[in-house]
Amino acid sequence: MFDRERPSFEDANNVTVQRCFFAYEFAKTFVQDKITADIGCADGYGTQYLADFSKATVGVDYSEATIAEARRKHAAKKNLSFKSGSVPPIPLESESMDVVTAFQFIEHIHDRSGFVRDVHRVLKPGGVFLCSTPNIKMSIARNPFHVHEYTFDEMEKEISSVFNNF
């Protein structure tokens, strides 16, 4: 499951997981008492953290094996659930989420524009989309799992084509 595409809490991967986890810490004030979705959740390491603050949180990942592990690891959290599915489309109802997070995820998929449109679909009016991704101008090395790394201007253009406020 930990194939270096996904962060893990083992010592050898500590810098990666700390960098990725920072986004979840940033998100906690946005998800307070909200219904949230975490897209590309892996084993739920950050998703379960969001559930500590949210009304309800659902994690979505393409790997059924990873989702099964997430369900097992985090079964005690009653406001936390997991769904498997490749996105887009996101396997959630339209206008069902207050907040959608996608941390270190969008760079892994081919239909990024379709994904952004689908995030908009699942968000309630006034909902918030929190997304983090590497800035290609700041990356030291290319990640073989990344389909596309954005510049800030590219990300702004992509998000602004769907959302009014970036």
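These remarks concern the structure in this document.

Conventions we followed
- Residues numbered from 1 in each chain as written.
- Predicted model: local features only at pLDDT ≥ 70, side-chain atom pairs only at ≥ 80, totals over all residues.
- Heavy atoms only, no water.
- Core = buried A, V, L, I, M, F, W, Y, C linked by side-chain atoms within 4.5 Å.
- Buried < 20%, exposed > 50% of the residue type's maximum accessible area, 1.4 Å probe, protein only.
- Helix = DSSP H or I, 4+ residues; strand = E, 2+ residues; numbered from the N terminus.
- Contact = heavy atoms within 4.5 Å.
- Phe/Tyr/Trp six-rings, centres within 6.5 Å; stacked < 30°, edge-to-face > 60°.
- Pairing = 2+ DSSP bridges.
- Axes fitted to C-alpha atoms, helices over the stretch in contact; angles between N-to-C directions.

## Here we look at the nonpolar core
- With 23 residues, the main nonpolar core has Ile 39, Ile 90, Val 100, Phe 115, Val 119 and Phe 129 as its most contacted residues.
- Secondary structure elements with two or more residues in this core: strand S1 (35-39), strand S2 (56-61), strand S4 (97-103), helix H4 (112-122), strand S5 (123-132) and helix H5 (152-160).
- Considering every element that reaches this core, the biggest residue donor is H4, with four residues.
- Those residues within four positions of Ile 39 in sequence are excluded, and the remaining contacts are Val 60, Val 87, Ile 90, Val 100, Thr 101, Ala 102, Phe 103, Phe 105 and Phe 115.
- Counting twelve residues, the second largest nonpolar core, distinct from the first, contains Ala 23, Tyr 49, Phe 103 and Leu 130.

## Some points on the packing of aromatic side chains
- Applying the stated criterion to the full structure yields eight aromatic pairs.
- Measuring from centroid to centroid gives 5.7 Å for Tyr 24 and Tyr 45, while their planes differ by 70°, and the two rings are edge-to-face. Taken together, the residues Tyr 24 in helix H1 (residues 14-31) and Tyr 45 in the loop between S1 and helix H2 (47-51) connect sequence positions 21 residues apart. Like Tyr 24, the residue Tyr 45 is buried in the burial classification.
- Ring centres 5.4 Å apart and planes at 40° place the aromatic pair Phe 26 and Phe 30 in the tilted group. Here the residue Phe 26 and the residue Phe 30 both occupy positions in helix H1, the gap between them amounting to four residues, near one helical turn.
- Residue Phe 30 is classed as partly exposed on the basis of its relative accessible area, which comes to 32%.
- Aromatic ring contacts, followed pair by pair, group Phe 105, Phe 115, Phe 129 and Phe 163 into a single cluster.

## Section: the sheet that holds S2
- Strand order in this open sheet of five strands is S3-S2-S1-S4-S5, and the pairing throughout is parallel. Sheet topology places strand S3 (80-84) and S5 at the edges, where each strand pairs with a single neighbour. Averaged over all pairs of adjacent strands, the angle between their axes in this sheet comes to 20°, without regard to strand direction.
- With five bridges connecting them, S2 and S3 associate as parallel partners. Bridge assignment links Val 58 to a residue of S3, and that residue is Ser 81.
- Helix H3 (residues 64-73) rests against S2 and S3 of the sheet, and its axis sits at about 170° to S3.
- Sheet strands touched by H4: S1, S4 and S5. Its angle to S5, the strand with the most contacts, is close to 140°.

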